[in-house]
Every structure is written in structure tokens, then in C-alpha cells.
Amino acid sequence: MLASALAFSLMGVCVKALGGRLPVAEVVLARAVVSLLISWWMLRRSGLDPWGQRRGLLVGRGMLGTAGLYCVYLALTGLPLAVATVLQYLHPTFTALLAWPLLAERPGWRVWGAVLLGFLGVAVLVAPGGGGAAAGSALPALPLLFALAGALLSALAYVSVRALRRSEHPLVVVFYFPLMALPLSLPLVLLQPVAPTGPEYGWLLGVGVFTQLGQVALTYGLMGMAAARATAISYVQVPLAALWGVWWFQEAVPARAGLSALLVLLATLLSLRARPVPASGSASS
């Protein structure tokens, strides 16, 4: 989960570096092509059947992930990198709430504490005067809504991954993500194609490679630990995004970013110590 946070934070850098000139569908398509090729190579090299057992749930996970990807990329183009990432990382809260009824994974007090600390870290950074480019400036409404929708869709996708853990190999789950993203993005690109420049091809390749690395690490992480605990660990992406925003884009870090990063770090450390609490009944998988 820590490796996935690092990879996804670098993916965010690549998306941000594109500057919003290319349509979001084109970025999603490029990501899908790169990831699909890498996934196919990894599956063939491992001798695995790429099509899996629970194909309906695999397709559903791929569609949820693709929809969430659109929302995340749209948020990244309209918000500072750190703020967009922080809002996206409301998904551990959503995951903890969804995993209880859908997976019978009842979070213990440490997980709830980690979720609360992470949520407070989000609130500190995006409160009025804390998240805009200048003190007191408001976040733009549409990118904000995209970020929140991306967090919810990501949580649903992560719960789906967790539900697939007993029947599917992680590489099969990863493969279905670009497999669904390709047909969902190609028609939109064909309607309004924009030719990338030389540097943009490099950033698009980075989007695909870092997303693939993040998805592989994420899938193994979600299949190895309870969903709420795993996603709480990934809060560490928040301070990473703030660092990259300052380093690469000279984005002003909000004054409250230090407190936000501390709360996120505490959430991560607390979730690492958490253990799943047995729930009555068993989750279907």
C-alpha cells in the first residue's frame, strides 16, 4: 500500500504536468493502452488465464475504476496537486463504511481512529483559507465535486477488489481495469482527437507506467489486509503530493499543510497497528 501511494503520487505529477491541454479521455486512453500491454505481458509471463472466474465483478471493478479515474484526472487539472490528492483521499472513510456491510469487515477502534485522523487532515487542508491558491480563496466547485466523486468511486472499486481476493489472481484484477478503460475512452477520443506533443508523449507514458505500478501494488495490498486498514495506510500519498507540488510546480503549500501532514502520518501509523475485528457471519466473495 505504501508503494502504491508513491506510484500514484508520481502519476499525479505526470497528469498535472500535461497542463490540461489534452482531453481527459485521451489521458485515460493512453493510460489504458500502456497498462493493458504491461498487464498482458505480466499475465503471459506468469502463465495465468487472463479472463478470471468472476467476470461480472471483474468488469464492474474495471468500470468503477475507470469512472473514478476520469474524476481524479478532472480534479487534478482544476485543483492544486496537494488539494486534489487530499480530497481523493477521503476514500479510506468511504471504504471503511462500505466494507462493513458489503464485506463483513468490521473496523476496529484503531482503523476508525486512523480514518478520523485522516479525515481531519483533509478538513484542515481544504477548510476556507487553507486549500486555495491564496489565503481565503475558495476551491472551484466543479473540480471539487469531481474529487469527491472520485473518492467514492475509488472506495467502491477497492471493496470490489477485496471481494475478488478468493477467486482471482491480483494480476487478473489489474488486467480488467485497462481492459474496461480502453472501450470507455476510445470513442470519446475519436470524437475530438488532439495530437500530443513530444514531451506530452513522455508524460502520458509516465501516467501509464506509474498507474500500472500503483495498481499492482494496490491490488496485492487490498488482497492481503482488510480494506479499511489498507486504504488508511495509503493516506501517506497526501504529504507526498504536497512535496511534488512544491518541487515540480512551485505550488504554494497552504499554511496548514504541516498540521495536515502530521495528522495523515499519525493515521498511517495507527492503521499499521490495526487488526481486523471478526464480524458475525461471513462475507460472500
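Within each chain, residues carry numbers counting from 1 in the order of the written sequence. Totals for whole chains, interfaces and linings use all residues, but because this is a predicted model, local features are given only for residues with pLDDT of at least 70 and pairs of side-chain atoms are given and counted only at 80 or more. With hydrogens and water stripped out, all remaining heavy atoms of the structure feed into the side-chain values.

A. Local environment of the packing of aromatic side chains. Only Phe, Tyr and Trp rings are paired, with Trp represented by its six-membered ring, and only when their centres lie within 6.5 Å; those with planes under 30 degrees apart are stacked, over 60 edge-to-face, the remainder tilted. Applying the stated criterion across every chain yields a total of five aromatic pairs. Note on tryptophan 51 and phenylalanine 175: the rings are 5.7 Å apart at their centroids and 70° apart in plane angle, and the pair reads as edge-to-face. Placement of the pair is tryptophan 51 in the loop between helix H2 (24-46) and helix H3 (55-78) and phenylalanine 175 in helix H8 (residues 170-191), with a sequence separation of 124 residues. Throughout this description, buried means an accessible area under 20% of the type-specific maximum (1.4 Å probe, protein chains only), exposed means over 50%, and partly exposed covers the range between. Residue classification places tryptophan 51 among the partly exposed positions, given a relative accessible area of 38%. Relative to tyrosine 176, the ring of phenylalanine 175 has its centre 6.0 Å away and its plane inclined at 85°; by these criteria the two rings are edge-to-face. Pairwise contacts between aromatic rings join Trp40, Trp51, Phe175 and Tyr176 into one cluster. Any Lys NZ or Arg CZ that is within 6 Å of a ring centre and within 35 degrees of that ring's normal is treated as a charge sitting over the ring. A cation over an aromatic ring shows up here: arginine 31 above the ring of phenylalanine 177, its NZ or CZ 4.2 Å from the ring centre. Under the scheme used here, helices are H or I runs from DSSP no shorter than 4 residues and strands are E runs no shorter than 2 residues, and both carry numbers assigned from the N terminus.

B. A look at the packing of H2 against H3. Here the axes come from fitting lines to C-alpha atoms, over the contacting stretch only for helices, and the angles between their N-to-C directions go from 0 to 180 degrees. The contact between H2 and H3 brings their axes to 10 Å, and the two run at 125°. One element, H2, and the other, H3, form an angle in the oblique class. In this structure, the crossing between H2 and H3 has a hand that is right-handed. Listed contacts from H3 to Val24, Ala25, Val27, Val28 and Arg31 of H2 are Thr66, Leu69, Tyr70, Tyr73 and Leu74. Of the residues that constitute the contact of H2 with H3, the class distribution is eight nonpolar, one polar and one charged. These descriptions rest on fixed angle ranges, namely under 35 degrees for roughly parallel, over 145 for roughly antiparallel, 65 to 115 for roughly perpendicular, and the rest for oblique. With the far helix as reference, a near helix turned anticlockwise by less than a right angle produces a left-handed crossing, and one turned clockwise produces a right-handed crossing. The contact criterion used is simple: two residues touch if any of their non-hydrogen atoms lie within 4.5 Å. Amino acids outside the nonpolar list (Ala, Val, Leu, Ile, Met, Phe, Trp, Tyr, Cys, Pro) and the charged list (Asp, Glu, Lys, Arg) are all regarded as polar, and Gly is one of them.

C. Representation of a nonpolar patch on the surface within the structure. Exposure above 30% relative accessible area and the lack of any salt bridge qualify a residue for a patch; like charges then connect within 9 Å, and the nonpolar side chains Val, Leu, Ile, Met, Phe, Trp and Tyr within 5 Å. We get accessible surface area from the Shrake-Rupley algorithm with a probe of 1.4 Å; when it comes to residues, only the shown protein chains can shield them. A carboxyl oxygen of Asp or Glu within 4 Å of a side-chain nitrogen of Lys or Arg is what we treat as a salt bridge. A contiguous nonpolar surface patch, about 450 Å² in accessible area, is contributed by Leu259, Leu262, Leu265, Leu266 and Leu269. With relative accessibility at 39%, the residue leucine 266 sits in the partly exposed group.

D. Representation of empty space enclosed by the protein. The rule is simple: put a 1 Å grid over the protein atoms alone, call a set of points where a 1.4 Å probe fits but cannot get out a cavity, call an open set with protein on both sides within 12 Å along at least five of seven lines a pocket, and count a residue as lining if it has an atom within 4 Å of a point. Grid points are joined across faces, edges and corners, and a volume is the space filled by probe spheres set on the points. The final tally for this structure, using the stated rule, is five cavities of 30 Å³ or more. By volume, the largest cavity is sized at about 330 Å³. Taken together, 26 residues line the largest cavity, and the ones lying closest to its centre are Met11, Val72, Gln88, Ser154 and Tyr158. Listing elements by their share of the lining of the largest cavity, those giving two or more residues are helix H1 (2-18), H3, helix H4 (81-88), helix H7 (141-163) and helix H9 (198-224). Examining the composition of the lining of the largest cavity, we find that eight residues originate from one element, H3, more than from any other. Considered class by class, the residues forming the lining of the largest cavity number 14 nonpolar, 10 polar and two charged.

E. Molecular detail of the nonpolar core. Grouped together as the largest cluster of nonpolar side chains are 65 residues, with contacts concentrated most on Val27, Val28, Tyr73, Leu76 and Val207. Contacts of valine 28, omitting those with residues within four sequence positions, involve Thr66, Leu69, Tyr70, Tyr73, Ala181 and Ser185. To form a nonpolar core, buried Ala, Val, Leu, Ile, Met, Phe, Trp, Tyr and Cys residues must be joined to one another through side-chain atoms within 4.5 Å. By size, the runner-up hydrophobic cluster in this structure holds five residues, among which are Ala99, Leu103, Val159 and Ala163.

F. Here's a closer look at the confidence of the model for the chain. Per-residue confidence from the predictor is reported as pLDDT, which spans 0 to 100. A residue-level look at the chain finds 86% of positions with pLDDT of 70 or above and a mean pLDDT of 83. Within the model, pLDDT remains below 50 along residues 131-136, and this stretch shows 10 contacts once partners closer than five positions in the same chain are excluded. pLDDT under 50 marks residues 278-285. Its contacts with residues more than four places away, or in other chains, come to 10 contacts.

G. Structural detail: the packing of helix H5 (residues 91-103) against H7. At a minimum axis separation of 8 Å, H5 and H7 run at an interaxial angle of 40°. As the angle between them shows, H5 and H7 are arranged oblique. Judged by the sense of rotation from one axis to the other, the crossing of H5 with H7 is right-handed. Between H5 and H7, the residues in contact are His91, Phe94, Thr95, Leu98, Ala99, Leu102 and Leu103 and Leu148, Ala151, Leu152, Ser154, Ala155, Leu156, Tyr158, Val159, Arg162 and Ala163, respectively.

H. Highlighting the pattern of salt bridges. All chains considered together, the criterion is met by two salt bridges. Put simply, glutamate 105 and arginine 162 hold a salt bridge, and the shortest N to O gap is 2.5 Å. Residue glutamate 105 is located in the loop between H5 and helix H6 (109-126), and its partner arginine 162 is located in helix H7; the two are separated by 57 residues in the primary sequence. Just as glutamate 105 is buried, arginine 162 falls in that class too.

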